Amino acid sequence: MTESFSVLLDQTIGRLRAAGVASPEADAWSLLAAVTGVNRGELQAKALIRPDIIDAAQQAQLEQWVTRRESREPLWHITGVAPFLELELEVGPGVFTPRPETELLAHQAIAEAEVMVPTGSEVSVVDLCAGSGAIGLAIAHRVAHTRLLAVESSLDAAHYLRHNASRYAPERSDILVADIADVSQRVADHSVDVVVSNPPYLVEGVDPLDVETTQCDPPEALFSPGEGLDVIRRVVDISRRILRPGGVVFIEHGIEHGEATRQALGDAGFRHPQTELDLLGRERFSRAVAPEQ
Ligand SMILES: C[S@@+](CC[C@H](N)C(=O)[O-])C[C@H]1O[C@@H](n2cnc3c(N)ncnc32)[C@H](O)[C@@H]1O
């Protein structure tokens, strides 16, 4: 027997809450939308007029997915896609799941890339530590004149990066599976317009992690030596080398890293280092402008 939509919704929320999921209502809606193959808005509208909208096969699928989510497998590994701005990125084991807070950095980088368009030439964007491609592909998707180079060292992550790039910027993206230091294999010094990066910056054994992060995000995506600052400092130095005068770098960092990141940017010769806050007022990412030679 199939349950009505409202009963299924209530049961799912209750089970997820009991399992300690941080956002049981949002996750329940996402799982119900995914089993029915529509987005949340469409589901809400349809469920009002059709309480039997979920058939027996979909209910069986939902049962499996709720059980996985109860064991704290990340929502986006279960549905296979993670939303990032208007993109739906393929994610799974071995790749970092893009986070909503990184959308703030992507928004600002898109705005910066947009104002670089009017010459009619390409805007050269490099995403260092690209993961699934979230930031770079969000720019390439929105700004038609983008030429993207995404650099990522993990072979597992590169599998998802390739898939997402072929969906959202097939003709305008290049992928380098290598350490960020090898970016010079593909771009000349002082030639790039925008560098974006969300590198690993957590301190192993110190920063608190939720169950989903501990179980499913790869350690190389999370932790950096040097109190969480080593990879950030490398990103600063590499950006200084490849950005053209007037080019802009955007780096996400830990909420306690704003001052150290501004300092690193200033020491490398960048102009106007400034840190942007997230919606909770915490220092979330920093940006700066490359100087004249
Ligand atoms: C926090 S994740 C961010 C992924 C993506 N930029 C995002 O915002 O969703 C950091 C990524 O950097 C990659 N990475 C770590 N160290 C690297 C290095 N030295 N060179 C290239 N990629 C690196 C990891 O494999 C991981 O995919």
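Fair warning: this is a prediction, and the values are worked out from it, not measured in the lab.

1. Here we look at the site of the ligand
Logical step 1: Around the ligand lies a shell of 22 residues, among which Cys129, Gly131, Ser153, Asn198 and Ala221 are the nearest.
Logical step 2: Elements supplying a minimum of two residues to the shell around the ligand: α7 (134-142), β4 (146-152) and α10 (219-222).

2. A few points about the pairing of strand β2 (residues 87-90)
Logical step 1: The alternating pattern of β2 places Leu87 and Leu89 on a buried face, while none of Glu88 and Glu90, on the opposite face, is buried.
Logical step 2: With four bridges joining them, strand β1 (residues 81-84) and β2 adopt antiparallel strand pairing. Within β2, the residue paired with phenylalanine 84 across the bridge is leucine 87.
Logical step 3: The turn joining β1 and β2, which pair antiparallel and follow one another in sequence, is formed by two residues; a positive phi near 45° is taken by leucine 85.

3. Comments concerning unusual backbone geometry
Logical step 1: With a phi angle near 55°, histidine 190 is a residue other than glycine that sits in the positive phi range.
Logical step 2: Assignment of secondary structure puts histidine 190 in the loop between β5 (173-177) and β6 (192-197).
Logical step 3: If you check the backbone angles, histidine 272 has positive phi at about 50° while not being a glycine.
Logical step 4: Within the element layout of this structure, histidine 272 appears in strand β8 (residues 271-277).
Logical step 5: With 12 C-beta atoms packed within 10 Å, histidine 272 lands in the exposed category.

4. With respect to the environment of leucine 202
Logical step 1: Within the secondary structure layout, leucine 202 lies in the loop between β6 and α9 (211-216).
Logical step 2: The class of leucine 202 is partly exposed, set by 18 C-beta atoms lying within 10 Å.
Logical step 3: Along the sequence, leucine 202 and glutamate 227 sit 25 residues apart, while their C-alpha atoms lie 7.7 Å from each other.
Logical step 4: Sequence-distant contacts of leucine 202, defined by excluding residues within four places in its chain, comprise Asp207, Leu222, Phe223, Gly228 and Gly254.

5. Considerations on helix α12 (residues 258-267)
Logical step 1: Among all positions in α12, only Gly258, Thr261, Arg262, Ala264 and Leu265 are buried. Down the axis of α12, the sector holding all buried residues measures 160°, keeping them to one side.
Logical step 2: The secondary structure elements touched by the buried residues of α12 are α11 (230-242), β7 (243-252), β8 and β9 (283-289).
Logical step 3: Looking at the residues trailing α12, positive phi occurs at glycine 269, about 100°.

6. Considerations on the packing of helix α1 (residues 5-18) against helix α4 (residues 56-70)
Logical step 1: Packing of α1 against α4 brings their axes to within 9 Å, and their N-to-C directions diverge by 20°. It follows from the interaxial angle that α1 and α4 lie roughly parallel. The two elements α1 and α4 cross, and the hand of that crossing is right-handed. Residues Leu8, Thr12, Arg15 and Leu16 of α1 lie in contact with α4, whose contacting residues are Leu62, Val66, Arg69 and Glu70.
Logical step 2: When grouped by side-chain class, the residues that make up the contact of α1 with α4 number four nonpolar, one polar and three charged.

7. A few points about the domain arrangement of the protein chain
Often, the extent of an interface is quoted as the loss of accessible area upon association of its parts.
Logical step 1: When the domains of the protein chain are assigned, the result is domain 1 (5-71) and domain 2 (85-289).
Logical step 2: Taking only C-alpha atoms, the centre of domain 1 and the centre of domain 2 are 33 Å apart.

8. A word on the sheet that holds β8
Logical step 1: As summarised here, the arrangement of the seven strands in space is β5-β4-β3-β6-β7-β9-β8, forming an open sheet in which the pairing is mixed. If you trace the sheet from one side to the other, it starts and ends with β5 and β8, each paired once. Between one strand axis and the next, the sheet turns by 15° as a mean value, whatever way the strands run.
Logical step 2: Where β4 and β5 come together, five bridges link them in parallel fashion. Its bridge partner lying in β5, valine 151 is registered against leucine 176.
Logical step 3: In the packing of helix α6 (residues 102-115) onto the sheet, the strands contacted are β3 (123-128), β4, β6, β7, β8 and β9, and the crossing angle to β7 comes to about 165°.

9. A closer look at the environment of glycine 37
Logical step 1: Within the secondary structure, glycine 37 is located in the loop between α2 (24-36) and α3 (40-49).
Logical step 2: Note on glycine 37: 9 C-beta atoms within 10 Å, which makes it exposed.
Logical step 3: Sequence spacing of glycine 37 and glutamate 283 is 246 residues, and the spatial spacing of their C-alpha atoms is 37 Å.

Cut-offs applied
- Residues numbered from 1 in each chain as written.
- Predicted model: local features only at pLDDT ≥ 70, side-chain atom pairs only at ≥ 80, totals over all residues.
- Near = placed C-beta within 6 Å.
- Helix = DSSP H or I, 4+ residues; strand = E, 2+ residues; numbered from the N terminus.
- Buried ≥ 20, exposed ≤ 12 C-beta atoms within 10 Å, placed from the backbone.
- Pairing = 2+ DSSP bridges.
- Contact = placed C-beta atoms within 7 Å.
- Arc of directions from axis to C-beta.
- Axes fitted to C-alpha atoms, helices over the stretch in contact; angles between N-to-C directions.
- Parallel < 35°, antiparallel > 145°, perpendicular 65-115°, else oblique.
- Left-handed = near helix turned anticlockwise from the far one by under 90°.
- Nonpolar A, V, L, I, M, F, W, Y, C, P; charged D, E, K, R; others polar.
- Domains from an automatic or database assignment.

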